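Here are the chains, one letter per residue:
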Amino acid sequence: MPQSRSYVEISRSQIAENYRKIRDAVGASVQVMGVVKADAYGHGAIEVSRVLCGNGAQWLAVSSVDEGTVLRKSGITVRILVMAGVLPHERASLLEHDLTPVAHSLEEVQALDDLARPLSFHLKIDTGMTRLGTRATVTEIASLMHTLRHARIEGIMSHFASAADFTSEQTEEQIRAFNATVTGLREAGISPPVLHLSSTNAVAYAHPDAWKLLVRPGHAIYGYVSPARGGAPKNLLHVKPVLTWKAKIIVVKDIPAGARVGYGGSFVASHAMRIAVLSAGYADGIPHRLSNRGRVIAAGKLTPILGTVSMDLTTIDVSHAPHLQPGDDVTLLGREGAASLDAQEIAKTAGTISYNVLCGISARVKRIYV
Ligand SMILES: *Cc1c(COP(=O)(O)O)cnc(C)c1O
């Protein structure tokens, strides 16, 4: 048992298995880019990238030049796509570390060309999500592409807003808009080879017409697929969570009926009970919204969080397990025997999304790879 107050165990073999499941689902003609932004959704970008590269990944994706630089400095040599914009002050570092930018406007493409260095970029098209990506017309895009002297368009991409929502037409509309742009550019003599649109949901809920040459899953690599809405096809991806999160008990004590627990005294014991104080709080990433609502697994059984989650501490009911002692581990996310608690269940209780729970596990929680 690791000697840390709060730690996560990350299974390398499960990451590899999830990656292979995604590859099998899309088939050999589609490449699988591993999305490792935000420190691989809290799982550790360097370790996860090593596992993915060891299993044949030829592309990784990050959000920023800084994230790409960290991977380069750790010896990762595969292609790295920077998806969430390259700011002017980051361009020198982009070149230095051989990262591949996604351009979101024609001005940005021009600025990349003005660097006067050979570089490949991907152009993101805003097909209706209205976040990043250019809204320029095919004619405007094509005429700029014909004038480029150093920068080369290697890919065209977009991103879905509602790929798990089968009550909405938005995904079909986005695919149509993307195809129209690609066709228009091809007719204008611009045919970049790498076309891509799909993250986890468009793979899991089979939109094969959106897989193109490459897919960009993140969530599924970490073992999650968001629940679908409406008449979705069956989830193709049988992936499993790769992360287990634990915290140690600091103190155990018996409290009488009427005792008030934690800040604000918002939990009042209705009967005598035994409580344990855990060595993790919202500064470790336990959502404050789990106060008086969330659960953890102690001695193989789901048990409630009592009172408010504090910055470094969380109090739980351990009346069912009198043998628990300071130093024992409690599971915040994971499985103990028949009891399990995953990021999606925690997110639902906390009123957020599983991505937010995973990315919220803070840097001070030790990562252990098994
Ligand atoms: C985060 C992200 C992905 C991966 O999304 P998942 O839902 O985690 O699979 C893919 N593409 C872009 C542009 C992203 O920002």
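Residues numbered from 1 in each chain as written. Predicted model: local features only at pLDDT ≥ 70, side-chain atom pairs only at ≥ 80, totals over all residues. Heavy atoms only, no water.

Undergrad: Please set out the site of the ligand residue by residue, giving values where relevant.
TA: Within the structure, the ligand sits among 13 residues, and Lys 37, Tyr 41, Thr 200, His 219 and Tyr 355 are positioned closest to it. Here Tyr 41 contributes a side-chain N or O atom positioned 2.5 Å from an oxygen atom of the ligand. Coverage of the ligand by the protein amounts to 91% of the 390 Å² it exposes when considered alone. A majority-of-atoms criterion places the ligand in the largest pocket. Looking at side-chain class alone, the shell around the ligand contains 5 nonpolar, 5 polar and 3 charged residues. (Near = heavy atom within 4 Å. Polar contact = N/O pair within 3.5 Å; in protein donor to acceptor, adjacent residues only side chain to side chain. Areas by Shrake-Rupley, 256 points an atom, 1.4 Å probe, with all protein chains shown as cover. 1 Å grid on protein atoms, 1.4 Å probe; cavity = no way out; pocket = protein on both sides within 12 Å on 5 of 7 lines; lining within 4 Å. Sits in = over half its atoms within 2 Å of the grid points. Nonpolar A, V, L, I, M, F, W, Y, C, P; charged D, E, K, R; others polar.)

Undergrad: Requested: an account of the pattern of salt bridges, with residues and values cited.
TA: Across all of its chains, the model carries 10 salt bridges by this definition. Asp 165 is paired through a salt bridge with Arg 229; the nearest N and O atoms lie 3.5 Å apart. With Asp 165 in strand S9 (residues 165–166) and Arg 229 in strand S12 (residues 229–230), this residue pair connects regions lying 64 residues apart in the sequence. Under the relative-accessibility criterion, Asp 165 is labelled buried at 16%. (Salt bridge = Lys/Arg side-chain N within 4 Å of Asp/Glu carboxyl O. Helix = DSSP H or I, 4+ residues; strand = E, 2+ residues; numbered from the N terminus. Buried < 20%, exposed > 50% of the residue type's maximum accessible area, 1.4 Å probe, protein only.)

Undergrad: With reference to specific residues and values, describe the side chain of Thr 308.
TA: Mapped onto the elements of the fold, Thr 308 is located in the loop between strand S18 (301–306) and strand S19 (314–317). When its relative accessible area of 17% is taken as the criterion, Thr 308 is described as buried. A polar contact is formed between the side chain of Thr 308 and the backbone oxygen of Tyr 263, at a distance of 3.4 Å. Not counting the four nearest positions on each side in its chain, Thr 308 is found in contact with Gly 262, Tyr 263, Ser 266, His 288 and Ser 291. (Contact = heavy atoms within 4.5 Å.)

It is worth stressing that arrangement in space is one thing and function is another; only the former is reported here.
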